[in-house]
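Here is how the chains run, residue by residue.
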There are 2 protein chains.
Amino acid sequence: MKTLVEMIREKDSCVCVGLDPVIENFPKEIRSRDTSVEDQLVRFAQGVIESATPYAVAMKPQIAFFEQYGLAGLQALRRICSIIREAGLYLVMDAKRGDIGSTAAAYAKAFFTPGSDWESDALTVNGYLGSDGVLPFYQAAKARGGGVFVLVKTSNPSSSELQDLLVEGVPVYEKMAALLDRIEPQTASNVLGAVVGATHPEELRRLRALMPERVLLIPGYGAQGGTAEDLRGAFGEDGCRAIVNSSRGIIYSYKKSDLPWREAIREATKEMKEALHAVR
Amino acid sequence: MKTLVEMIREKDSCVCVGLDPVIENFPKEIRSRDTSVEDQLVRFAQGVIESATPYAVAMKPQIAFFEQYGLAGLQALRRICSIIREAGLYLVMDAKRGDIGSTAAAYAKAFFTPGSDWESDALTVNGYLGSDGVLPFYQAAKARGGGVFVLVKTSNPSSSELQDLLVEGVPVYEKMAALLDRIEPQTASNVLGAVVGATHPEELRRLRALMPERVLLIPGYGAQGGTAEDLRGAFGEDGCRAIVNSSRGIIYSYKKSDLPWREAIREATKEMKEALHAVR
C-alpha cells in the first residue's frame, strides 16, 4: 500500500474532502421519499467522491454524521468506504476514538482490520487518556501501513480552554505533541500524525516546527474560517506533510453556485487544490 | 423518567455492570457456529442483564466491543439497548465521543433521540475539545432527562501523562472538573457527571470534594485493581452520587467459579453491591 505522503506526491494534492452528510442539505434530485436513507447517503457520497477524485488525495468521512442516522447510516458508510478506496483515495475515518488499552484495541480492530465493515487507511484519535490509549491504534495502523492522527490543537473556538493551558510555560497541546514523540520518534515514515486546526495559524507554525516529519491533518479550512494564507509553511520541507480538510465548503458548495451540484463540487475541490498549491 | 440518583436510591445499589463482549470468552453454550455473531452477542448480554438486574442499577455497554464486530455488533447493540431499558436499568453508553459543536450535536442525536437505534440514558464524553464540544451533549441529555459523564481522571496507568500535568499547581484533571462547572453550575440535579477511576483513590477524594453534587461514574473496580475500600467517601453525602463499574470482573466471573455462568454473574453482582454498601 502506498503511504499518504507518496499519494500526496503522486497526485500533487493536499486536499482532503470531509464527508459530513446532512440529508436536508442534499440536492433535490437525491432527496426522495421513495429512496431509503441508506441509498440517499450513498448516492450523495458517490457524487461527491466522483467529483472530487481528480483533485483530492483523501476523503474524511465524519462518522458522527453517519451514526446520527443509526444503522442505516453505518450501512451506508460501509458502502461508501468501498467507493472511496476503489476511487484510489486515502480514507481518513474521523471518529476521534480513544479509550483505555483493551478498548482502544477493539476500536482499532473495527477500523483497521482488512475486510472490516468500515476499513480505513487512517483514524483520528483523542489522546486525553495518554499513551496506553494511543498505542493500540498506532500498532494496528503500523501493521497495515496506515496512519493515526492524534488531536493536538483542534479548530473549534473553545479548543483554548483546555489545550492552551500552560504547564510550566508550555501549552497542553505541545505536551500532546511531545507525547506522540514518546510513542514513536519522528522519522520520514511516521505512522502517527497530528490534528492541528487551520483556524490557529500561530499555533500551527509552532507545532509544525516541533513536528517537522509528521503528517498534519488540518481541519477548519473554508467554512470554519481558515484560509490558504494561514497555511503557508504548514506542509513541511517537501510540501507533502499535511492534508487540509474542507467539509461543508466543498460538499455543499452548490448552494452558493449556479452550477449543477456535481460540477460545483468539482470546481470547489479544484479551486482548493490550486489555492493550497500557491502556499505549499 | 427517573433520574439516576432516584434509581440508585430506589434500588439501593451503586453497581454498574460493564458490557465488554469478546465472543472467545463466552460460555460454550452461547458460542456456536450455527448462531450468527449478532445472536451470540444478544444471547450473552441477555444472560448478563437478567442475572445482574436484581443487584445492579445500571448497565454500561462499551461500544468499541460492538464496533469491533462491525454492523453485526451494532445490530446486536440495538437489541441489547432495548433489553437493558426493558429491565428497568439505567443505560450508560460508554462511547467517549467528543468533537466540535456541529459534530457533537450529530453524536448526541445518535444516542439521545427517542427511538434511535442505540437510545441511551447517558453517554461518556471526552472533553479535550473544550466546552463547545460538550455543550451539545449536555443540551440533548438535559432535554431527555438523561446524563453526560465527562472524562476527568481515567482509570488507566498512563492517564497521568496528560491529566496530571500541573497548570499553576493545579492538575489538568481538576481544570477539566472546573470546565464542567462553567457549562453547568453544581446543583442536586446535575446533568453533567464525571468519570473518575477507582484506581486513583487520592485523586478521587480530591475530585469528590470539588464536585460534591455531581454523579461520578467510577470505572476500574475489580479486574483493573480498584477495591471497595478505595471508594470510601466517593458516594457523596447522600450515598447516591456515584455508580461504580465492573466489566470483566462480573461478566466473565464464571471463569473463576464452579457455578453455571448466569449464577456466577448473579453472585458476583450481589457481592459487589454488598461490598459497596459497606463503604457508602
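Note that the structure is predicted; figures quoted are calculated from it, not measured.

S.K.: Help me understand the overall build of chain A, please; the structure alone is not making it clear to me.
M.R.: A tally of regular secondary structure across chain A gives 11 helices and 10 strands. Seen through its principal axes, chain A has C-alpha atoms that stretch 60 × 40 × 35 Å. A total of 280 residues make up chain A; the buried ones form 59% of that total. Of the contacts made within chain A by residues no fewer than 6 positions apart, 72% connect residues no fewer than 24 positions apart.

S.K.: How should I be thinking about helix 8 (residues 172-183) of chain B in this particular structure?
M.R.: Each turn of an α-helix holds 3.6 residues, which means side chains three or four residues apart point in the same direction. With 12 residues, helix 8 of chain B should reach 16 Å at 1.5 Å per residue; the first-to-last C-alpha distance of 17 Å fits that figure. Within helix 8 of chain B, the full set of buried residues consists of B:Val172, B:Tyr173, B:Glu174, B:Met176, B:Ala177 and B:Leu180.

S.K.: I keep staring at the sheet that holds strand 4 (residues 122-125) of chain B and nothing clicks. Help me out?
M.R.: Residues and elements named next belong to chain B. Strand order in the closed barrel formed by 8 strands is 1-2-3-4-5-8-9-10, and the pairing between neighbours is parallel. When strand polarity is set aside, the average angle formed by the axes of neighbouring strands in this sheet is 30 degrees. Bridge analysis of strand 9 (residues 216-218) against strand 10 (residues 242-246) gives 3 bridges, and the strand direction is parallel. In the sheet register, Ile218 faces strand 10, and the bridge partner there is Val244.

S.K.: Would you mind showing me how to read the relation of the copies chain A and chain B here?
M.R.: A rotation about some axis, followed by a shift along it, carries one copy of the chain onto the other. For the pair chain A and chain B, the relating rotation is 180 degrees, the translation along its axis is 0.0 Å, and the fit reaches an RMSD of 0.0 Å. Taken together, the rotation and translation relating the two chain copies correspond to the operation of a two-fold axis. When C-alpha positions in chain A are compared against the rotation axis, the closest is assigned to A:Val167, at 2.4 Å. The residues that chain A uses at the interface reappear at the interface of chain B in 100% of cases, marking a shared surface.

S.K.: Would you take a moment to explain the packing of helix 2 (residues 37-52) of chain B against helix 11 (residues 261-277) of chain B for this structure?
M.R.: Geometry of a packed helix pair, given as the angle between the helix axes and the separation of the axes. Residues and elements named next belong to chain B. Viewed as axis vectors pointing N to C, helix 2 and helix 11 meet at an angle of 45 degrees, and their least axial separation amounts to 8 Å. Taken as axis vectors, helix 2 and helix 11 run oblique relative to one another. Judged by the twist between their axes, the crossing of helix 2 over helix 11 is right-handed. Residue-level inspection shows Gly47, Val48, Glu50, Ser51 and Ala52 of helix 2 in contact with helix 11, the latter providing Trp261, Arg262, Ile265, Arg266 and Thr269.

S.K.: Which parts of the structure should I look at to understand the nonpolar core?
M.R.: Across soluble globular proteins, nonpolar side chains show a tendency to be buried alongside one another. One finds A:Val150 and B:Val150 to be the most contacted residues of the largest nonpolar core, which totals 197 residues. When neighbours within four sequence positions are excluded, B:Val150 is seen to be in contact with B:Val125, B:Gly127, B:Val134, B:Met176, B:Leu180, B:Leu192, B:Ala194 and B:Val195.

S.K.: Is there a simple way to think about the sheet that holds strand 4 (residues 122-125) of chain A in this case?
M.R.: Working definition: the strands of a sheet are paired by backbone hydrogen bonds and lie parallel or antiparallel to each other. All names here are of chain A. Strand order around the closed barrel formed by 8 strands is 1-2-3-4-5-8-9-10, with parallel pairing between neighbours. The average angle at which neighbouring strand axes cross in this sheet is 30 degrees, direction not considered. As defined by bridge partners, strand 3 (residues 90-97) adjoins strand 4 across 3 bridges and the pair is classed as parallel. Counted as the bridge partner of Arg97 is Val125 from strand 4. The strands that helix 11 (residues 261-277) touches are strand 1 (15-19) and strand 10 (242-246); relative to strand 1, the one it contacts most, it runs at about 140 degrees.

S.K.: Help me out: how do you make sense of the packing of helix 6 (residues 131-144) of chain B against helix 8 of chain B in this one?
M.R.: Residue and element names in this part refer to chain B. At their nearest, the axes of helix 6 and helix 8 sit 11 Å apart, and the two run at 55 degrees to each other. Relative to helix 8, the element helix 6 is oriented oblique. Handedness of the crossing formed by helix 6 with helix 8: right-handed. Side by side, helix 6 and helix 8 meet where Ser131, Val134, Leu135 and Tyr138 of the first sit next to Leu179, Arg182 and Ile183 of the second.

S.K.: For this particular structure, what's the right way to read unusual backbone geometry?
M.R.: Negative phi is the rule for most residues except glycine; trans is the rule for most peptide bonds. Of note in this structure, A:Asp12 is not a glycine but carries a positive phi near 50 degrees. Here A:Asp12 shows up in the loop between helix 1 (4-11) and strand 1. Using a count of 13 C-beta atoms within 10 Å as the deciding quantity, one classes A:Asp12 as partly exposed. Located in the positive-phi region is B:Lys96, a residue other than glycine, with phi close to 45 degrees. With respect to the helices and strands, B:Lys96 occurs in strand 3 (residues 90-97).

S.K.: Before we go on, may I ask you to explain the interface of chain A and chain B in this structure?
M.R.: Much of the literature gives interface size as the accessible area that the parts lose upon coming together. Listed as interface residues are 47 residues of chain A and, on the opposing side, 47 residues of chain B. Of all the elements, helix 5 (residues 101-112) of chain A adds the most residues to the side of chain A that touches chain B, at 6 residues. Of the residues belonging to the side of chain A that touches chain B, the class tally is 19 nonpolar, 19 polar and 9 charged.

S.K.: Could you clarify how one ought to interpret the environment of A:Leu180 in this entry?
M.R.: All names here are of chain A. Take Leu180: it is sitting in helix 8 (residues 172-183). Overall, Leu180 belongs to the buried group, with 24 C-beta atoms counted inside 10 Å. In sequence terms Leu180 and Leu71 are 109 residues apart; their C-alpha atoms lie 34 Å from each other. Leave out the neighbours within four places in its chain, and Leu180 touches Val150, Leu192 and Ala194.

S.K.: Can you help me understand the pairing of strand 5 (residues 147-153) of chain B in this one?
M.R.: Across a regular strand the side chains alternate sides, sitting on one face of the sheet and then on the other. Of all 7 residues making up strand 5 of chain B, 7 are buried, and the element is well covered by its neighbours. In terms of handedness, the path from strand 4 of chain B via helix 6 of chain B over to strand 5 of chain B forms a crossover that is right-handed.

S.K.: I keep staring at the environment of A:Glu202 and nothing clicks. Help me out?
M.R.: Residue and element names in this part refer to chain A. Inspection of the secondary structure assignment puts Glu202 in helix 9 (residues 201-210). The exposure class of Glu202 is exposed, given the 8 C-beta atoms found within 10 Å. The sequence separation of Glu202 and Leu231 amounts to 29 residues, and the corresponding C-alpha distance is 9.9 Å.

S.K.: What should I look at first to understand helix 5 (residues 101-112) of chain B in this one?
M.R.: With 12 residues, helix 5 of chain B extends 16 Å from end C-alpha to end C-alpha; this agrees with the ideal 16 Å at 1.5 Å per step. Turning to helix 5 of chain B, its buried residues number three or more, namely B:Thr103, B:Ala104, B:Ala106, B:Tyr107, B:Ala108, B:Ala110, B:Phe111 and B:Phe112.

S.K.: Can you walk me through the environment of B:Tyr252 in this structure?
M.R.: With respect to the helices and strands, the residue B:Tyr252 is situated in the loop between helix 10 (248-251) and helix 11. Sequence separation between B:Tyr252 and B:Pro21 is 231 residues; the distance between their C-alpha atoms is 9.5 Å.

About the thresholds
- Residues numbered from 1 in each chain as written.
- Chains lettered and ligands numbered in written order.
- Predicted model: local features only at pLDDT ≥ 70, side-chain atom pairs only at ≥ 80, totals over all residues.
- Helix = DSSP H or I, 4+ residues; strand = E, 2+ residues; numbered from the N terminus.
- Buried ≥ 20, exposed ≤ 12 C-beta atoms within 10 Å, placed from the backbone.
- Contact = placed C-beta atoms within 7 Å.
- Expected span 1.5 Å × (residues − 1).
- Pairing = 2+ DSSP bridges.
- Axes fitted to C-alpha atoms, helices over the stretch in contact; angles between N-to-C directions.
- Least-squares fit on C-alpha atoms with pLDDT ≥ 70 in both.
- Parallel < 35°, antiparallel > 145°, perpendicular 65-115°, else oblique.
- Left-handed = near helix turned anticlockwise from the far one by under 90°.
- Core = buried A, V, L, I, M, F, W, Y, C linked by C-beta atoms within 7 Å.
- Nonpolar A, V, L, I, M, F, W, Y, C, P; charged D, E, K, R; others polar.
- Right-handed = clockwise from strand over helix to strand, strands pointing away.

Take it as geometry only, folks, not as evidence of what the structure does.
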